[in-house]
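Below, each chain spelled out in residue letters.
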Amino acid sequence: MAHDEELIRDLEKKANIVRRNIFTIFDASQMGHAGGTMSLVELVTTLYFHHLKIDPQNCDWPERDRVVLSKAHCCEAIYAVLVELGVLPEETLSTYYCYRSPLQGHADRWCTPGIDYSGGSLGQGLSFAAGMALAEKLKVLRQPPSEGIVKFMPRYISRYNPLYRSYCILGDGECHEGQVWEAAMFSAKYKLDNLITIVDYNKFSLDGPTNEVMQIEPFVDKWKAFGWWVAEINGHNLREIADVLDLTSNLYGDGKPKCIIAHTVKGYGVPSWEQAHTHIARGEEITRGVIEGRAKYGHI
Amino acid sequence: MVDEVSLRETYGKTLVELGRQNPDIVVLDADLCPSTMTRYFMEKFPERSFDCGIAEQNMVSIAAGLAASGKIPFASTFAVFAPGRCFDQIRVSVAQARLNVKLVVTHGGLSVGEDGMSHQAIEDLSLICSLPSFTVIIPADAVETAQAVKAAATHQGPCYIRLGRPKLPLVYTGDYQFELGKAVTIRPGTDITVIALGIMVAPALQAAGELATEGIDCRVLNMPTLKPIDEAAIISAAAETGSIVAAEEHLEHGGLGSTVAQVVAKHHPVPMEFVALKDTYAKSGKPAELLERYGLTTKHIAQAVRETIKRKP
């Protein structure tokens, strides 16, 4: 499923726009989850601008793919995408964190169009995404009203495309939460092959290196042991991301939930944030990072 | 002898009835389906039943995801585990997201009995009522349970229904009409009002009967919907009977008594007394022994009425 150069070049341009929008958000808010937002840029760009089945004109389309940003504190990356998609007006970028803004501190399904999941408490998103994947499996085929009979699709495994897929973006530190593994067991039990989890493995949580704070390795083996199909990619390589996402779609029908472990760099693209493994940036740190980032990516 | 019927059995059978009518009804349990009685639904509709194993946190967030996709999930476990074990999931995934999840929990209160304090949910109503957007119902008997479960299925928004373990005497006959958010006067009276819910409703009625022989005309109000509470019924009770006793199988703090007292204090202050568990955990024992030891019987309600009436100006 080789993707042509043109697609990758287009995605590069989109990633650059997403970064520009993120810098606008941070510039105005003077505070934000800089590290974990920057590590997501290529992942969410490829997801939204290449892979997902969505309609920016109709965010509530019942057949849209669902996205659960379980690490909801990095919603800046999604807001940046939603602006480029035209779901949100560009002016909203400078209103993040503000009272009356649709852009909440943590993503909220009632405040922001295009958001499927209200998060903020880590560890719950994968369960929620699994619930949405499960609902897709339960899609009801209604007979003509005259017969008045309701029939169900054959359970769990279908060779046909799903009505929609459910995507969950997890943080690596978030995988310290036990509920992630409860959801992993559940998804394997109910053969949720329409559920795709992307772990933004940026190697750092708030208190330090993720694996020193609490070891999650051997990470791939864990997911495999829980019955998942697993792939490891470079989470900043657009081609690898596009390839693996499309592969997960082709594997539909195998009865396995999919986990993409994306190796990323916290603060990616902004030297001072990369160096400091910045989690939340404020004041001087955010101003400096935005200047560095804008210079690097040629945003004026 | 009045007929005693299991509320859990009624819940299980009502779920089957709902499942027949509406294909969007789905059921989740956390390895307790023979106890919560979701097993009836699970046997009848296996394709819409999901046993989550002993993982209540996951169960609640899964239910939220199902609700976000148009399903009407009923998730059941013991009252100690929801909200106790998964309060944050209920708060963030359900209440804040305002999703149409129905938590129907069983084995509420002291009447769990032998399993002891870890299994006696005496704080659940306080926890769940603290969450904006939740509707909280505690039925008094099997008739009310069936209707409350059906009302919850129709209501848009998060619901919590608390049932107990023991069979309870029927308070209502078949023609009873449960209305969400409405208290029911099950015995008229003018001297004092006993407001009760759940397993305390039948003892409250009995106490009122005994008090009548002493010349005390006691109104009994069943308050099946604890949240949103029927303020008008409470204000009328305060205004018309001049004193109130609240009776519940829960800690004194944060449940029915506290909520009624807030309404009374704000709108029509009158003397009040609280028949509830004082600030303590209980022990293992037979339900009747425990209710006696911790002050939750007909006798205790009657005594509270006598004391409260004395305080009327």
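The preceding data block contains the structure.
About the thresholds
- Residues numbered from 1 in each chain as written.
- Chains lettered and ligands numbered in written order.
- Predicted model: local features only at pLDDT ≥ 70, side-chain atom pairs only at ≥ 80, totals over all residues.
- Heavy atoms only, no water.
- Buried < 20%, exposed > 50% of the residue type's maximum accessible area, 1.4 Å probe, protein only.
- Helix = DSSP H or I, 4+ residues; strand = E, 2+ residues; numbered from the N terminus.
- Pairing = 2+ DSSP bridges.
- Right-handed = clockwise from strand over helix to strand, strands pointing away.
- Core = buried A, V, L, I, M, F, W, Y, C linked by side-chain atoms within 4.5 Å.
- Domains from an automatic or database assignment.
- Contact = heavy atoms within 4.5 Å.
- Buried area = accessible area lost by both parts, 1.4 Å probe.
- Salt bridge = Lys/Arg side-chain N within 4 Å of Asp/Glu carboxyl O.
- Polar contact = N/O pair within 3.5 Å; in protein donor to acceptor, adjacent residues only side chain to side chain.
- Axes fitted to C-alpha atoms, helices over the stretch in contact; angles between N-to-C directions.

Participant: So what exactly am I meant to see when it comes to the pairing of strand β5 (residues 102–106) of chain B here?
Facilitator: All names here are of chain B. Taking burial as the measure, the five residues of β5 include five buried ones, the bulk of the element. By the alternation rule, side chains of β5 split into Lys102, Val104 and Thr106 and Leu103 and Val105, which are all buried. Of the pairings in the sheet, the one linking strand β4 (residues 72–78) to β5 comprises five bridges and is parallel in character. Across the sheet, the residue bridging to Thr77 is Val105, located in β5. A crossover connection joins β4 to the parallel β5 through helix α5 (residues 87–96); in handedness this β-α-β unit is right-handed.

Participant: Just checking my understanding: could you explain the nonpolar core for this structure?
Facilitator: If you look at soluble globular proteins, the nonpolar side chains tend to sit buried side by side. Grouped together as the largest cluster of nonpolar side chains are 90 residues, with contacts concentrated most on Trp223 of chain A together with Phe134 and Ile244 of chain B. Three or more residues apiece are contributed to this core by two domains, here domain 1 (4–169) and domain 2 (184–309) of chain B. In this structure, Met37, Phe178, Ala204 and Val220 of chain B belong to the second largest nonpolar core, which totals 60 residues.

Participant: I tried to follow the interface of chain B and chain A on my own but got confused; where do I start?
Facilitator: Accessible area lost upon the coming together of the parts serves often as the stated size of an interface. The interface is formed by 29 residues belonging to chain B together with 27 residues belonging to chain A. It is Glu47, Phe50 and Asn58 of chain B that lose the most area in chain B upon contact with chain A, and together they represent 21% of the buried surface on that side. At the junction of chain B and chain A, the tally comes to zero salt bridges. The interface formed by chain B and chain A includes 12 residue pairs in polar contact (both at pLDDT 80 or more). Elements that contribute at least two residues to the side of chain B that touches chain A include exactly β3 (49–51), α4 (56–68) and α5 of chain B. At eight residues, α4 of chain B tops the list of elements feeding residues into the side of chain B that touches chain A.

Participant: I would appreciate a short explanation of the sheet that holds strand β13 (residues 244–251) of chain B in the present structure.
Facilitator: Pairing between sheet strands relies on hydrogen bonds along the backbone, with the strands arranged either parallel or antiparallel. Residues and elements named next belong to chain B. With mixed pairing, the five strands of this open sheet are ordered in space as β9-β11-β10-β13-β14. Whereas interior strands pair on both sides, the edge strands pair on one side only; in this sheet they are β9 (184–187) and β14 (272–277). Here the strands of the sheet are splayed against their neighbours by 25° on average, with no regard to which way each runs. Bridging between β13 and β14 involves five bridges; their strand directions are parallel. Looking across to β14, one finds that Ile244 is bridged to Met272.

Participant: Which parts of the structure should I look at to understand helix α3 (residues 41–51) of chain A?
Facilitator: One full turn of an α-helix is made of 3.6 residues, so residues set three or four places apart face in the same direction. Among the 11 residues that make up α3 of chain A, nine are buried, leaving the element largely enclosed by the rest of the structure. Turning to α3 of chain A, its buried residues are Val41, Glu42, Leu43, Val44, Thr45, Thr46, Leu47, Tyr48 and His51 of chain A.

Participant: So what exactly am I meant to see when it comes to unusual backbone geometry here?
Facilitator: Negative phi is the rule for most residues except glycine; trans is the rule for most peptide bonds. Of note, the amide linkage connecting Glu217 of chain A to Pro218 of chain A takes the cis form, showing an omega dihedral of -5°. Among the structural elements, Pro218 of chain A can be located in the loop between α7 (210–213) and α8 (219–225). Residue Ala82 of chain B is joined to Pro83 of chain B through a cis peptide bond whose omega torsion reads 15°. Residue placement: Pro83 of chain B occurs in the loop between β4 and α5. Residue Lys203 of chain A is not a glycine yet carries a positive backbone phi of 75°.

Participant: Help me understand the environment of Thr259 of chain B in this model?
Facilitator: Residues and elements named next belong to chain B. Inspection of the secondary structure puts Thr259 in helix α10 (residues 256–267). The class for Thr259 is buried, based on a relative accessible area of 19%. Distance from Thr259 to Cys129, taken between C-alpha atoms, is 9.5 Å for residues 130 residues apart in sequence. Leave out the neighbours within four places in its chain, and Thr259 touches Leu226 and Ile229.

Participant: Looking at this model, I keep getting lost on the pattern of salt bridges. Mind explaining?
Facilitator: A side chain with one charge may pair with a side chain of the opposite charge, provided their charged atoms come close. Residue and element names in this part refer to chain A. As enumerated under the stated definition, the model contains 20 salt bridges over all chains in all. Between Glu5 and Arg239 there is a salt bridge, with the nearest N and O atoms lying 2.8 Å from each other. Highlighted residues: Glu5 in helix α1 (residues 5–29) and Arg239 in helix α9 (residues 238–250), separated in sequence by 234 residues. Judged by its relative accessible area of 25%, Arg239 is partly exposed. Between Lys137 and Asp193 there is a salt bridge, and its shortest N-O distance comes to 2.5 Å. Of the two residues, Lys137 is situated in helix α5 (residues 125–137) and Asp193 in the loop between α6 (178–189) and β6 (195–201); the sequence distance between them amounts to 56 residues. One exposure class covers both Lys137 and Asp193, and it is buried.

The analysis is restricted to geometry; functional conclusions fall outside its scope.
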